[in-house]
Amino acid sequence: MEVSCTAATAYVRDWTGGTESSSQRQCIRHQLLKKQIKSQENTLCCFSESVARTSLLALVSASLFFVDPVLAYKGGGPYGSEVTRGQDLTGKDFSGKTLIKQDFKTGVKLLGASFFDADLTGADLSESDLRGADFSLANVTKVNLSNANLEGALTTGNTSFKGSNINGAVMWKTTL
């Protein structure tokens, strides 16, 4: 406050040639004080906007990285509503995808589909037509493949079927 008054007095002397009145000094001090307050308000406003943007960015980032596994399972996994009973996904490329607990519904056609290096942990591919599908380097742990047709499917590399249900699955000419 003292610096503002001194600056105001110097400004008034320059402006009036040293013949300022006390009312002129008071008026200019008041105007300088208003400018200083306005400047502080602008700084506070910018700071508030910055904090709000940072908070929003943090919230969006957190929502992208933390997916509720219960919701993913109920929704059928990452392709939930896109996959319906008996849908034809022939030749679809799922290479490198994370398909944990994906419910491919009963009877989906996945002829020649590629699951190369994909993570299918806990997925449901029961009764699906997987003839000629590529499971090379895929994680097929605890997958339900019951009554699926895996004829001619390719499973080279370090493909893991640990804990998977393959009861009734057709595996004729499947490379294991």
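Residues numbered from 1 in each chain as written. Predicted model: local features only at pLDDT ≥ 70, side-chain atom pairs only at ≥ 80, totals over all residues. Heavy atoms only, no water.

A. Spatial organisation of the nonpolar core. Counting residues in each nonpolar core, the largest one holds 23 residues, and the members touching the most others are Phe104, Leu110, Phe115, Leu120, Leu130, Phe135 and Leu145. Leaving out residues up to four positions away in the same chain, leucine 130 has contacts with Leu110, Phe115, Leu125, Phe135, Leu145, Ala148, Asn149, Leu150 and Ala153. (Core = buried A, V, L, I, M, F, W, Y, C linked by side-chain atoms within 4.5 Å. Buried < 20%, exposed > 50% of the residue type's maximum accessible area, 1.4 Å probe, protein only. Contact = heavy atoms within 4.5 Å.)

B. Structural detail: the confidence of the model for the chain. Summarising the model, the chain shows a mean pLDDT of 75, and 63% of its residues fall at 70 or more. When mean pLDDT is taken per element in the chain, helix H2 (residues 22-65) scores highest with 68 and helix H3 (residues 69-74) scores lowest with 37. Low pLDDT, under 50, characterises residues 64-75; the predicted model gives this stretch four contacts beyond four residues in sequence or across chains. (pLDDT = per-residue confidence, 0-100. Helix = DSSP H or I, 4+ residues; strand = E, 2+ residues; numbered from the N terminus.)

C. Structural context of the side chain of serine 136. Relative to the assigned elements, serine 136 resides in the segment after H3. Residue serine 136 is classed as buried on the basis of its relative accessible area of 4%. Engagement of the side chain of serine 136 in a polar contact is seen with the side chain of aspartate 134, the distance being 2.6 Å. With residues near it in sequence (within four places) discarded, serine 136 still touches Phe115, Phe116, Asp117, Leu154, Thr155, Thr156 and Thr159. (Polar contact = N/O pair within 3.5 Å; in protein donor to acceptor, adjacent residues only side chain to side chain.)

D. Region of the structure containing the pattern of salt bridges. All told, the structure shown has one salt bridge when counted by the stated rule. In this structure, arginine 131 and aspartate 129 form a salt bridge, with 2.7 Å as the shortest nitrogen-oxygen distance. On the basis of relative accessible area, aspartate 129 is assigned to the buried category, the value being 16%. (Salt bridge = Lys/Arg side-chain N within 4 Å of Asp/Glu carboxyl O.)

E. Seen up close, unusual backbone geometry. The backbone of lysine 101 shows a phi angle near 60°, a positive value even though the residue is not glycine. Here lysine 101 shows up in the segment after H3. Accessibility expressed as a relative area gives 38% for lysine 101, which makes it partly exposed. Phi is positive for leucine 137, close to 60°, though the residue is something other than glycine. Relative to the helices and strands, leucine 137 is located in the segment after H3. Classification of leucine 137 by relative accessible area gives partly exposed; the value is 39%.

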